[in-house]
Amino acid sequence: MPELPEVEVVRRGLADHVVDKTITAIRVHHPRAVRRHEAGPADLTARLLGTRITGTDRRGKYLWLTLDSDEALVIHLGMSGQMLLGTVPNVSHLRVAGVLDDGTTMSFVDQRTFGGWLLADLVTVDDSVVPAPVAHLARDPLDPRFDAAAVVNVLRRKHSEIKRQLLDQTVVSGIGNIYADEALWRAKVNGARFADGLSRPKLTAVLAAAADVMRDALAQGGTSFDATYVNVNGQSGYFDRSLNAYGRDGKPCPRCGAAIRRDKFMNRSSFYCPRCQPRPRR
């Protein structure tokens, strides 16, 4: 699933090409892609037509286009969603398409159809204006107003694995399985350690590592393991070449040389160095 860096790459691409453009046509090719818009495809289409895109924004893994109707088009990429400008390479996976007044085609392509579009009202939460469906999400580590000390206070009250808490989007948003493993490797913390058993400095270091690794990934266009994640021009990111733990089961730890291990975790996998990140004794 695209995580914060991948979604931010897409947001920046959209910001460069669609802001101040007016939507002149919309076609929903698959109703599942707009299932979160309860009023249905016809209502979404009617309300988007003629609206001008005034900006782009993001919180965590959600991005949205702000509109001159004082609403937001919320876009969730899900597992395999793509926002593409111009020619769509695989029309069979095209779910929603729009045309802008300069002739640009803006398409939502989603092989697995877990993502989608939703038109929502904007609300004010903690002095930030966000779409209503996003209001429950915590700030992410790259948000200029992210308060690491406040998040540490929350984590210190959680008798639960630190990795589980990093994946909880109401605690800190934007971090998924890849960047949780990479942040924990950088901070030398095993994801099975309980959050309330870690010191404040160590928790602070974990959050700082999460911010650092996502900045590094963002600088390289995000992480692409296959063609399901691309930017708006169809290009893949290449941070997968810089991963230290995730997906490296059996390969040597870049720091100490021990073989990276893989454990099952929440129907996913956790990758860690057994020497740098020893598992806690229960």
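Residues numbered from 1 in each chain as written. Predicted model: local features only at pLDDT ≥ 70, side-chain atom pairs only at ≥ 80, totals over all residues. Heavy atoms only, no water.

The name that an unreviewed UniProt entry assigns to the chain is Formamidopyrimidine-DNA glycosylase, with the source organism given as Mycobacterium kyorinense. UniProt, in its Subunit (unreviewed entry) section for the chain, records the words "Monomer." (UniProt positions renumbered as here; feature names shortened; annotations may be inferred.)

### Points about the UniProt feature "domain: Formamidopyrimidine-DNA glycosylase catalytic" (unreviewed entry) in the chain
When the UniProt feature table is mapped onto this chain, "domain: Formamidopyrimidine-DNA glycosylase catalytic" (unreviewed entry) is found at residues 2–115. Helix makes up 19% of residues 2–115 and strand 38%, whereas the separation of the span's terminal C-alpha atoms amounts to 11 Å. (Helix = DSSP H or I, 4+ residues; strand = E, 2+ residues; numbered from the N terminus.)

### Description of helix H3 (residues 148–155)
Taken together, the buried positions of H3 are occupied by Val151, Val152 and Leu155. For H3, the arc enclosing every buried residue in end-on projection is 105°, short of the 170-degree limit, so these residues lie on one face. Next to the buried residues of H3 lie helix H4 (162–166) and helix H6 (200–219). (Buried < 20%, exposed > 50% of the residue type's maximum accessible area, 1.4 Å probe, protein only. Arc of directions from axis to C-beta. Contact = heavy atoms within 4.5 Å.)

### Comments concerning a positive patch on the surface
Together, Lys188, Arg193, Lys202 and Arg255 make up a positively charged patch on the protein surface. For Lys188, a relative accessible area of 47% translates into the label partly exposed. (Patch = residues over 30% accessible without salt bridge, like charges linked within 9 Å, V, L, I, M, F, W, Y side chains within 5 Å. Areas by Shrake-Rupley, 256 points an atom, 1.4 Å probe, with all protein chains shown as cover. Salt bridge = Lys/Arg side-chain N within 4 Å of Asp/Glu carboxyl O. Lys, Arg positive; Asp, Glu negative; His and termini not counted. Charge placed at Lys NZ, Arg CZ, Asp CG, Glu CD.)

### Section: unusual backbone geometry
In the Ramachandran plot, Thr113 falls in the positive-phi region, its phi being about 60° despite a non-glycine side chain. With respect to the helices and strands, Thr113 occurs in the loop between strand E7 (105–110) and strand E8 (116–125). Even without being a glycine, Asp127 presents a positive backbone phi close to 65°. What makes Asp127 exposed here is its relative accessible area of 63%.

### What to know about the packing of aromatic side chains
Aromatic ring pairs are reported here in terms of the distance separating the ring centres and the angle at which the planes meet. For the structure shown, the criterion picks out two aromatic pairs. Here the aromatic rings of Tyr246 and Phe271 are separated by 5.2 Å at their centres, their planes lie at 70°, and the arrangement is edge-to-face. Linking Tyr246 in the loop between H6 and strand E10 (261–265) with Phe271 in strand E11 (residues 268–272), this pair joins segments that are 25 residues apart in sequence. Both residues of the pair, Tyr246 and Phe271, count as buried. (Phe/Tyr/Trp six-rings, centres within 6.5 Å; stacked < 30°, edge-to-face > 60°.)

### Regarding the sheet that holds strand E9 (residues 128–131)
The sheet built from five strands is open, its strands ordered E2-E3-E4-E8-E9 with antiparallel pairing. Edge positions in the open sheet fall to strand E2 (53–59) and E9, since each of these has one partner strand only. The mean inter-strand angle of the sheet, taken between neighbouring strand axes irrespective of direction, is 30°. In this structure, E8 lies alongside E9, joined through four bridges in antiparallel fashion. Within E9, the residue paired with Val123 across the bridge is Val130. Sheet strands in contact with helix H1 (residues 4–17) are E2 and strand E3 (62–67), and its direction is about 170° off that of E2. (Pairing = 2+ DSSP bridges. Axes fitted to C-alpha atoms, helices over the stretch in contact; angles between N-to-C directions.)

### Digging into a nonpolar patch on the surface
A surface patch of nonpolar side chains, about 250 Å² in accessible area, is lined by Met1, Met79 and Phe114. Locating Met79 in the fold gives a position in the loop between strand E4 (71–76) and strand E5 (81–85).

### Describing the UniProt feature "domain: FPG-type" (unreviewed entry) in the chain
As recorded in UniProt, the sites labelled "domain: FPG-type" (unreviewed entry) are residues 244–278. A distance of 16 Å separates the end C-alpha atoms of residues 244–278, which is 0% helix and 29% strand.

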